[in-house]
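# Working through the structure, step by step
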Amino acid sequence: MSAEFVDTNILIYAHDGGAGHKHEKSVELLMRLLEEGSGALSIQVLTEFYAAATRKLNMRGEEAEEVLRDLEGWTLHRPSLPDLLSASHLHRRHKISWWDALILNSAIELDCAVLWSEDLTHGQEYGNVTVRNPFRER
């Protein structure tokens, strides 16, 4: 089974009870990935989550740390300098934001079939990685 990469926004919505439909869809997706053991993310996603959770969701640092601990079993990409250079190529080639290029590169490096995000175009394929927006009706 191929891994599925999760962007930061999905984690944020999963922990934002006021996000309505997006909260429900995010929790459903994360639970499925947890049960299947197919969830993947990167150091970037974890750091962005911590920053946004403590700032935007007013989560205490200890609570945000617990969320990070809960994701310990997921496949994790730790970008290196060559990864940054690959991301810069993706950034220029596809004209996507630098941060999205880093996320995309991590999904590619982990050989993920799916990148779950609302920031990139739903259905867009980047090599073997297909972007899926979990909030979009099929």
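Residues numbered from 1 in each chain as written. Predicted model: local features only at pLDDT ≥ 70, side-chain atom pairs only at ≥ 80, totals over all residues. Heavy atoms only, no water.

### A few points about the pairing of strand β2 (residues 39-42)
- Residue alternation in β2 divides its side chains into two sets, G39 and L41 and A40 and S42, and both sets are buried.
- For strand β1 (residues 4-6) and β2, the ladder comprises two bridges, and the chain directions are parallel. Residue pairing in the sheet places E4 in a bridge with G39 of β2.
- Note that β2 and strand β3 (residues 75-77) share three bridges and pair parallel. Paired with L41 across the strands is L76, a residue of β3. (Buried < 20%, exposed > 50% of the residue type's maximum accessible area, 1.4 Å probe, protein only. Helix = DSSP H or I, 4+ residues; strand = E, 2+ residues; numbered from the N terminus. Pairing = 2+ DSSP bridges.)

### Topic: helix α3 (residues 43-55)
- Here α3 spans 18 Å end to end across 13 residues, near enough to the 18 Å set by a 1.5 Å rise per residue.
- Restricting attention to buried positions, one finds in α3 the residues Q44, V45, L46, F49, A52 and A53.
- Where α3 is buried, its residues meet β1, α1 (8-14), β2, α4 (61-70), β3 and α6 (98-109). (Expected span 1.5 Å × (residues − 1). Contact = heavy atoms within 4.5 Å.)

### Considering the sheet that holds strand β4 (residues 114-116)
- Pairing is mixed in the open sheet, where six strands are placed in the order β3-β2-β1-β4-β6-β5. Edge positions in the open sheet fall to β3 and β5 (125-126), since each of these has one partner strand only.
- Sitting on the sheet, α3 is in contact with β1, β2 and β3, with an inclination near 75 degrees to β2. (Axes fitted to C-alpha atoms, helices over the stretch in contact; angles between N-to-C directions.)

### Quick look at the packing of α3 against α6
- Packing of α3 against α6 leaves a shortest axis separation of 9 Å and a crossing angle of 130 degrees. On the basis of the axis angle, α3 is oblique to α6. In contact with Q44, V45 and E48 of α3, α6 contributes W99, L102 and I103.
- Broken down by class, the residue content of the contact of α3 with α6 amounts to four nonpolar, one polar and one charged. (Parallel < 35°, antiparallel > 145°, perpendicular 65-115°, else oblique. Nonpolar A, V, L, I, M, F, W, Y, C, P; charged D, E, K, R; others polar.)

Worth remembering: the numbers are spatial, not functional.
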